[in-house]
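Report on the structure
Chain by chain, the residues run as shown.
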Amino acid sequence: DTAVSQTPKYLVTQMGNDKSIKCEQNLGHDTMYWYKQDSKKFLKIMFSYNNKELIINETVPNRFSPKSPDKAHLNLHINSLELGDSAVYFCASSLGPPMGTDTQYFGPGTRLTVL
Amino acid sequence: SQQGEEDPQALSIQEGENATMNCSYKTSINNLQWYRQNSGRGLVHLILIRSNEREKHSGRLRVTLDTSKKSSSLLITASRAADTASYFCATVPNTGNQFYFGTGTSLTVIP
């Protein structure tokens, strides 16, 4: 069984559209994250939730809105998509509080292409 | 930026050789972690070394940490074609709750 899963795996859409990426973890972890990896493989954290509470909110345009209906799910909604949003988005989870000494488990990624 | 930097950016070796990657960072850390990313896949945790540790082993992996130089190295011994991937270091600073990934080293192991 997949520990951290994301849907969709690929997403191709037009500029200006609104889209969502879903993430689920079945590890019983308390903390979930969203990362963005650009074309140069630079990986940057966007958000972190601990027990459904927003903990880390990096400098990300407010067009990006995370939503955590429960601690096993952290979805990412993006409004008014722009060309620069094209990237691979990774969801991850860890057992304890954000950025502690726990290992992070990553999902397979969602490749978003904005045309 | 507090992002770590890896060196080299790309490394190509023959199967059986050892591969060494280096990571430098800027702030005092609680721990440093190494991750592997196969092409088109998510990151996989390899090893964690705490700031009070100097060396750690896991199978064919050996990680060293020099906090005075703010650097770490990852050594993969007796490399295999399956080791071909990108390798990232990630640092957890003492202060705050951030988690910074390095720029990655792309390793190619030629069979």
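Here is what the cut-offs are and how they apply
- Residues numbered from 1 in each chain as written.
- Chains lettered and ligands numbered in written order.
- Predicted model: local features only at pLDDT ≥ 70, side-chain atom pairs only at ≥ 80, totals over all residues.
- Heavy atoms only, no water.
- Helix = DSSP H or I, 4+ residues; strand = E, 2+ residues; numbered from the N terminus.
- Rg over C-alpha atoms; globule rule 2.2 N^0.38 Å.
- Buried < 20%, exposed > 50% of the residue type's maximum accessible area, 1.4 Å probe, protein only.
- Contact = heavy atoms within 4.5 Å.
- Pairing = 2+ DSSP bridges.
- Core = buried A, V, L, I, M, F, W, Y, C linked by side-chain atoms within 4.5 Å.
- Polar contact = N/O pair within 3.5 Å; in protein donor to acceptor, adjacent residues only side chain to side chain.
- 1 Å grid on protein atoms, 1.4 Å probe; cavity = no way out; pocket = protein on both sides within 12 Å on 5 of 7 lines; lining within 4 Å.
- Points joined across faces, edges and corners; volume = space filled by probe spheres on them.
- Nonpolar A, V, L, I, M, F, W, Y, C, P; charged D, E, K, R; others polar.
- Buried area = accessible area lost by both parts, 1.4 Å probe.
- Salt bridge = Lys/Arg side-chain N within 4 Å of Asp/Glu carboxyl O.

Along chain A, the regular secondary structure elements total zero helices and 11 strands. Along chain A, helices and strands appear, N-terminal first, in the series β-β-β-β-β-β-β-β-β-β-β. A compact globule built from 115 residues would reach a C-alpha radius of gyration of about 13 Å, and chain A, at 13 Å, matches this within 12%. A total of 115 residues make up chain A; the buried ones form 44% of that total. Sequence-distant contacts in chain A: of pairs separated by 6 or more residues, those separated by 24 or more amount to 57%.

Now for the pairing of strand E4 (residues 31-37) of chain A. All names here are of chain A. Burial runs high along E4: six of the seven residues are buried. Count of turn residues in the E4/strand E5 (residues 43-50) antiparallel hairpin: five residues, of which lysine 41 carries a positive phi of about 70 degrees. Bridge analysis of E4 against strand E9 (residues 87-94) gives seven bridges, and the strand direction is antiparallel. Bridge assignment links lysine 36 to a residue of E9, and that residue is tyrosine 89.

This brings us to unusual backbone geometry. Going from threonine 7 of chain A to proline 8 of chain A, the amide bond is cis rather than trans, its omega being -5 degrees. A cis amide bond links aspartate 7 of chain B with the next residue in sequence, proline 8 of chain B, at an omega value of 0 degrees. Relative to the elements of secondary structure, proline 8 of chain B occurs in the loop between strand E1 (5-7) and strand E2 (10-14). The phi dihedral of lysine 70 of chain B is positive, around 50 degrees, even though this residue is not glycine. Checked against the element boundaries, lysine 70 of chain B lands in the loop between strand E7 (61-66) and strand E8 (71-76). Judged by its relative accessible area of 26%, lysine 70 of chain B falls in the partly exposed class.

Right, let's talk about the nonpolar core for a bit. Across soluble globular proteins, nonpolar side chains have a tendency to be buried as a group. Within the largest apolar cluster, 21 residues are counted, with the highest numbers of intra-cluster contacts made by Met21, Leu32, Trp34, Leu74, Ile76, Tyr87 and Leu107 of chain B. Secondary-structure elements contributing two or more residues to this core are strand E3 (19-24), strand E4 (29-37), strand E5 (43-50), E7, E8, strand E9 (85-93) and strand E11 (105-110) of chain B. Counting residues in hydrophobic clusters, the runner-up holds 19 residues, among them Val4, Met46, Phe64 and Leu112 of chain A.

For the rest of this paragraph, the subject is the environment of glutamine 25 of chain A. Residues and elements named next belong to chain A. Along the chain, the position of glutamine 25 falls in strand E3 (residues 19-25). The exposure class of glutamine 25 is buried, given its relative accessible area of 3%. Taking the C-alpha atoms as reference points, glutamine 25 and glycine 107, 82 residues apart in sequence, are found 8.6 Å from one another. Among residues more than four places away in sequence, those in contact with glutamine 25 are Ala3, Val4, Met32, Lys71, Ala72 and Ser93. Within the structure, the side chain of glutamine 25 is placed 2.8 Å from the backbone oxygen of histidine 29, a separation counted as a polar contact.

Turning our eyes to something else, we now look at the layout of surface pockets. The computed volume of the largest pocket comes to approximately 320 Å³. Of all the secondary-structure elements, those providing two or more residues to the lining of the largest pocket are E9 and strand E11 (110-114) of chain A. Class assignment for the residues of the lining of the largest pocket results in six nonpolar, 10 polar and five charged. Estimated volume of the second largest pocket: approximately 230 Å³. Every residue lining the second largest pocket is counted, 13 residues in all, and those nearest its centre are Phe106 and Gly107 of chain A together with Arg41, Gly42 and Val44 of chain B. Mapped onto the lining of the second largest pocket, the elements with two or more residues apiece are strand E10 (105-106) of chain A together with E5 of chain B.

This part covers the interface of chain A and chain B. Opposite the 21 residues of chain A that make contact, chain B presents 20 residues. Of the roughly 1700 Å² buried where chain A meets chain B, counting both sides, 52% is carbon and sulfur surface. Taken together, the links from chain A to chain B amount to zero salt bridges. Remark: the boundary between chain A and chain B carries four residue pairs in polar contact (both at pLDDT 80 or more).

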